[in-house]
Amino acid sequence: MRQSTLIQVERNRESTARQYDLTRRAAALGWPRPAVHVIDTDLGVSGSGSVARSGFAELTERIALGQVGIVLALEVSRLARSSTDWYRLLDLAGITDTLIADADGVYHPGVFDDRLLLGLKGTMSEAELQVLRARMLGGLRNKAARGELRIKLPVGLVWGSDAGQILPDPDEAVRGAISAVFERFAVAGSARGVWLWLREQGLRLPSLRDGQSLSGFPCNRPMWTN
């Protein structure tokens, strides 16, 4: 099971529910319920191959050991959006006689026609990710060209009412804390020295939450936040 981001896990609950419901599909195909193992540690993790996925690693390990009879997913993209990951899974499944099933059918990666179809599905899944990225990047570029793109600013800065206008945070506590950090750094010469001084003084570092600077971050541990 996989969802690309934690926001999708929170908001796209129907997709998550459908994935959990695959346990019933496995039972309908003849596997006893105690033998059905749900791997859901990749919820909120991208399948692009750019990040480590413990769930996918567990799946490939179990397949390599011959412990899996069939892998069920709603579609290829729920397993991987990277051809490297996908074909490694197909190779292992073909060697160990592990079936792969999605909403369209049941396939054996060791059979040429099934592997060909699974390969096409994986290629389309990877290409779809690139299309989505290009579409989002195009939208951001258009907003930037109109001067309407607003990204998250560092702590202590806020967007003004005019296009492209950036102003100091109106919160005096936030501005004062930031000024104190820079002034103390000139004296201490290190970030740790500044942190120790802030802790001794009982001062708080400003932090960013929901796009707004807050002055309530306690200096009781060596950590900086933005």
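Residues numbered from 1 in each chain as written. Predicted model: local features only at pLDDT ≥ 70, side-chain atom pairs only at ≥ 80, totals over all residues. Heavy atoms only, no water.

Participant: Looking at this model, I keep getting lost on the sheet that holds strand S3 (residues 70-72). Mind explaining?
Facilitator: Within a beta sheet, neighbouring strands are joined by backbone hydrogen bonds and run either parallel or antiparallel to one another. With mixed pairing, 3 strands are arranged side by side in an open sheet as S3-S4-S5. Each edge of the open sheet carries a strand with a single partner, namely S3 and strand S5 (106-107). Sheet analysis places S3 next to strand S4 (residues 99-101), joined by 3 bridges and oriented parallel. Paired with isoleucine 70 across the two strands is leucine 99, which belongs to S4. (Pairing = 2+ DSSP bridges. Helix = DSSP H or I, 4+ residues; strand = E, 2+ residues; numbered from the N terminus.)

Participant: Just to check I follow, could you spell out the confidence of the model for the protein chain for this structure?
Facilitator: Low pLDDT means the predicted atomic positions in that stretch should not be read closely. Looking at the protein chain, the pLDDT average stands at 83 and 92% of residues meet or exceed 70. Long-range and interchain partners of residues 217-226, a stretch whose pLDDT sits below 50, account for 27 contacts in this model, where long-range means more than four residues apart. (pLDDT = per-residue confidence, 0-100. Contact = heavy atoms within 4.5 Å.)

Participant: Hey, could you run me through a nonpolar patch on the surface in this one?
Facilitator: A cluster of nonpolar side chains, namely Phe112, Leu116, Leu117 and Leu120, defines an oily patch on the protein surface of about 410 Å² accessible area. Following the sequence through the fold, leucine 120 ends up in helix H6 (residues 112-145). Looking at leucine 120, the relative accessible area reads 48%, which means it is partly exposed. (Patch = residues over 30% accessible without salt bridge, like charges linked within 9 Å, V, L, I, M, F, W, Y side chains within 5 Å. Areas by Shrake-Rupley, 256 points an atom, 1.4 Å probe, with all protein chains shown as cover. Salt bridge = Lys/Arg side-chain N within 4 Å of Asp/Glu carboxyl O. Buried < 20%, exposed > 50% of the residue type's maximum accessible area, 1.4 Å probe, protein only.)

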